[in-house]
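Spelled out, the chains give:
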Amino acid sequence: GIELGSGLDATAANTLDDYEEGDWSPTITGDSGSYGLDASANSAAYTKIGRLVTCQGHLSVSSDNSASGNLKMSLPFTPSSMGDDQEYVFAHLHLGNTGTTTAGTKQLFILTGGAYISNVTDGGVVSYLTHTAVDANWQMGFSFTYIVQ
């Protein structure tokens, strides 16, 4: 690994020994069922440095495979499970061409179970988006960082 700092103490705490970058193919699911992704827009990029993972991408949903319930995107690595809600990440999200007019700010709410698509109304009410908020063809863009074990 790469030793950070003075270069004299050689302690594990000062050594960066975990770096990885690559692509992954996210899945979009509901509590049951899933969505199919367009073959030309079905992957995303990540960089993992130590315990931090940064992700970005643009996905194009092309079919509804009987999805129902809360919408969720898979992640390249399992988020850390920390105490006192420290693992929670609220990431900006772009949703386009959903076929509905759900007002509010869209976010990814990242938990150990995945990245849930949520909505924050102008009044501050937060809720997960469900399959009723999108049709069978929509797009999603994102960029976020989260912590892993």
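Each remark here, short or long, concerns the structure printed above.
Treat the numbers as computed from the prediction; the structure is a model and nothing was measured.

Trainee: Just to check I follow, could you spell out the pattern of salt bridges for this structure?
Mentor: Pairing is possible between side chains of opposite charge, provided their charged atoms come close. In total, this model carries one salt bridge according to the counting rule given. The salt bridge involving Lys48 is made with Asp18; its shortest N-O contact spans 2.2 Å. With a gap of 30 residues between them, Lys48 in strand β6 (residues 44-49) and Asp18 in the loop between β2 (15-16) and β3 (19-24) connect regions that are remote in the sequence. Its relative accessible area of 27% is what places Asp18 among the partly exposed residues.

Trainee: Explain the nonpolar core to me, please; I cannot follow it from the model alone.
Mentor: When a protein is soluble and globular, its nonpolar side chains tend to lie buried together. Counting residues in hydrophobic clusters, the biggest one holds 31 residues, and the most contacted among them are Met73, Leu108, Trp138, Met140, Phe142 and Phe144. For this core, the secondary structure elements donating two or more residues are β5 (32-37), β6, β7 (52-68), β9 (89-96), β10 (105-111), β11 (114-120) and β13 (138-147). With residues up to four places along the chain from it excluded, the contact list for Met140 reads Ile28, Gly57, His58, Leu59, Met73, Leu93, His94, Leu95 and Ile117.

Trainee: Quick question: what am I supposed to make of the packing of aromatic side chains here?
Mentor: As enumerated under the stated definition, the model contains nine aromatic pairs in all. Aromatic pair Trp24 and Phe142: ring centres 6.3 Å apart, planes at 55°, arrangement tilted. Note that Trp24 is positioned in strand β3 and Phe142 in strand β13, a separation of 118 residues in sequence. In this structure, Trp24 and Phe142 share a single accessibility class: buried. Measuring from ring centre to ring centre gives 5.2 Å for Tyr46 and Phe77, while their planes differ by 85°; the resulting arrangement is edge-to-face.

Trainee: Looking at this structure, how should I read the pairing of β6?
Mentor: Along any regular strand, the residues point their side chains to alternate faces of the sheet. Every second residue of β6 is oriented toward a common face, the buried set being Ala44, Tyr46 and Lys48 and the non-buried set Ala45, Thr47 and Ile49. Bridge count between β6 and β7: six bridges; the pairing is antiparallel. Residue pairing in the sheet places Tyr46 in a bridge with Cys55 of β7. Connecting β6 to the next strand, β7, in antiparallel fashion are two residues, including Gly50 with a positive phi near 60°.

Scoring rules and cut-offs
Residues numbered from 1 in each chain as written. Predicted model: local features only at pLDDT ≥ 70, side-chain atom pairs only at ≥ 80, totals over all residues. Heavy atoms only, no water. Salt bridge = Lys/Arg side-chain N within 4 Å of Asp/Glu carboxyl O. Helix = DSSP H or I, 4+ residues; strand = E, 2+ residues; numbered from the N terminus. Buried < 20%, exposed > 50% of the residue type's maximum accessible area, 1.4 Å probe, protein only. Core = buried A, V, L, I, M, F, W, Y, C linked by side-chain atoms within 4.5 Å. Contact = heavy atoms within 4.5 Å. Phe/Tyr/Trp six-rings, centres within 6.5 Å; stacked < 30°, edge-to-face > 60°. Pairing = 2+ DSSP bridges.

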